[in-house]
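Here are the chains, one letter per residue:
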Amino acid sequence: MDKILVHGGPALRGNVRISGSKNSALPILAATLLTKEPCIIHRVPDLSDIHYMLTILSELGCEVERASGTVQIKAETVITDAPYDIVRKMRASVCVLGPLLGREKEATVSLPGGCVIGDRPIDLHLRGFEALGAAVRVQAGNVKVLAPELRGATINMRGKFGSTVLGTDNIMMAAVLAEGTTVIDGAAEEPEVVDLADFLNKMGAKIEGAGTRRIIIEGVKELHGAEHTVIPDRIEAGTFLVAAAICGEEVTLQKVAPAHLVSVTEPLQRAGYFVEANCDTITVRRNGGCLPLELETQPYPGFPTDMQAQMCALLATSQGISVITEHVFPQRFMHLAELKRMGANIELQGATAVINGVDQLSGAPVMASDLRASAALVLAGLTADGVTEINRVYHIDRGYESIDDKLNQLGAKIERVKGSK
Ligand code: EPU
C-alpha cells in the first residue's frame, strides 16, 4: 500500500487545473447502459472509482475503450447481474440498478453495506423503483428489482437527512424509459444530477426541472448514443481552495464552475480570504488572519458534506472557536481523531465539531479513513511543522486525480512512497 509524506511549510502559488467530476462521471457512465448505441464521454477523471465503474460495465457486457480522459462505451447487449467482487468495492455501483431496470426491466446488484462515513441505506432508491412498478427483493446480500413494465409515477425522494443524490439519479435513469410521466418531488438539486439529466436528454430523454426540487420525466420508447463532457469536480476544486487558504500565497483554479462553489467561497471570504471568481477560474489569496467560522453541511446549494473534513483542517489553525455541524452524514468525523494526533484542539458534541484553533499543527503518522478525510489530512500536513505520514492513501486515489503532483506543481513538498504497508 502506498503512503504519502507531506513536508509542511512551503507556500503554494500558481495555477492548478481541475479535473472532471467523479460524482458526475460515475452515474453518467452507468447511464450508457440505457442504449445499444455508442456513447462518448469526455473529461472522465483517472481515478480508481472510475476504473471500478468501467470494470463493472465491462462485466455487464459493454465494450469499453478509454484514451486519456475520453471513454467510449457501447452496450449492445447487457446482462443484468452485477458481479459482487467489484460492486462491493464501491458504493456508487448501486447506480447501475436504475439504467438496467429501465432497459431490461430487471437488475441484481449486491446491497451496499455501511461505510466509515456512516450507515448508507438505499431505501429511498428502492421505494422509488417500487413506485415505478418494480418488485424489490433483498436476498442473500443482493437486491433484485424486477418489473414486467415500468409506469410513470409521482415519487418523493426526501428522507430524514434530505434528498438523495444517487437515488434521484437512479430513479431518473429508470423513469426515462417508463410508460408515461414520472414526477420526482424532493429531488436532489446537486449540479451532478443536472449533468446526468443533460446527458440523458442528449440521448433522447425528456427531462425537465433538474437542479430544482421537482424533476419531470416524460418516458420515451428508446434512447440513442450521445457525446458529453463531464462538469468540473466542485469537491476537488473546493479542496484546492482550502489548500490555498491554508498555505497559499496566491493560487488560481482553472477550468472550474464558480457558480457550483459559492457555498465554499462565501465562507472563505467571511473568514477573511480574498477570493475572486471569473468565468471559469477562481483565485484565492491570503489576506491577513483567518477568522473562525460556523458552518452546517446541507444538501446543495448548502455547504457540502464532502468539504466538511477539509474545512476542519483549515479551522484547526484559525484563531478562535469554529463550529461545524454535519447534517448529511452525522457520523462523518473519523478525521477528527487523526487531526487531534497532529495537535488540533477539537471536541465532538453529537454531530457538531467544536474547533478551538491552535497556532501550529505538528506532523505525525496518521491514517486515512475515507476519501475526504484523507484529503483533510494532506491539507493539514501542508501547514504542519515537520512531516505528516499518511497511510492507506488508496482512499485518496479513489477521488483525486494526482493530488500529490498537482500540489507539488503549486510548490508543496509531497512524496509518494510506493508499496509500503
Ligand atoms: N439516504 C437515505 N436513504 C437512501 C439514500 C440516502 O436515508 O436511500 C441518506 C444517507 O444516509 C445520507 C443522505 O440520505 O444521510 C444523503 O445521501 P445521498 O444518497 O445523497 O448520498 P449518495 O448519493 O450515496 C453522493 C456522493 C457522496 C456525497 C453524497 C451527499 C456520489 C458517488 N457520492 O452519495 O460523495 O457525500 O452524495 O452529497 O455521488 C464523496 O465523493 O466523497 C462522497 C461520499
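The model shown is predicted, which means the values in this text are computed figures rather than measured ones. (Residues numbered from 1 in each chain as written. Predicted model: local features only at pLDDT ≥ 70, side-chain atom pairs only at ≥ 80, totals over all residues. Heavy atoms only, no water.)

**Examining the packing of helix α1 (residues 22-31) against helix α2 (residues 48-59)**
Packed helices, taken two at a time, are described by the angle their axes make and the gap between the axes.
So, point 1. Viewed as axis vectors pointing N to C, α1 and α2 meet at an angle of 5°, and their least axial separation amounts to 10 Å. Compared by their axis directions, α1 and α2 come out roughly parallel. Contact residues: α1 offers K22, A25, L26, L29 and A30, while α2 offers D49, I50, M53, L54 and L57.
So, point 2. Of the residues assigned to the contact of α1 with α2, the class counts are eight nonpolar, no polar and two charged. (Axes fitted to C-alpha atoms, helices over the stretch in contact; angles between N-to-C directions. Helix = DSSP H or I, 4+ residues; strand = E, 2+ residues; numbered from the N terminus. Parallel < 35°, antiparallel > 145°, perpendicular 65-115°, else oblique. Contact = heavy atoms within 4.5 Å. Nonpolar A, V, L, I, M, F, W, Y, C, P; charged D, E, K, R; others polar.)

**Remarks on the nonpolar core**
So, point 1. Counting residues in each nonpolar core, the largest one holds 75 residues, and the members touching the most others are L29, V96, M172 and L200.
So, point 2. By size, the runner-up hydrophobic cluster in this structure holds 70 residues, among which are C290, L339, V366 and L407. (Core = buried A, V, L, I, M, F, W, Y, C linked by side-chain atoms within 4.5 Å. Buried < 20%, exposed > 50% of the residue type's maximum accessible area, 1.4 Å probe, protein only.)

**Digging into the site of the ligand**
So, point 1. Not every one of the 24 residues close to the ligand is listed here, only the nearest: D123, T164, D306, V328 and R372.
So, point 2. Its free accessible area being 820 Å², the ligand has 92% of it covered by the protein chains.
So, point 3. Among the elements that take part in the shell around the ligand, helix α5 (residues 123-131) stands out by supplying three residues, more than any other.
So, point 4. The residue makeup of the shell around the ligand includes at least three contributed by each of domain 1 (3-19 + 232-417) and domain 2 (22-229). (Near = heavy atom within 4 Å. Areas by Shrake-Rupley, 256 points an atom, 1.4 Å probe, with all protein chains shown as cover. Domains from an automatic or database assignment.)

**As for the environment of M90**
So, point 1. In this fold, M90 is placed in the loop between α3 (84-87) and α4 (97-104).
So, point 2. Taking the relative accessible area as the measure of exposure, M90 reaches 2% and is therefore buried.
So, point 3. The sequence separation of M90 and G350 amounts to 260 residues, and the corresponding C-alpha distance is 28 Å.
So, point 4. The residues contacting M90, other than those within four sequence positions of it, are L26, D49, Y52 and M53.

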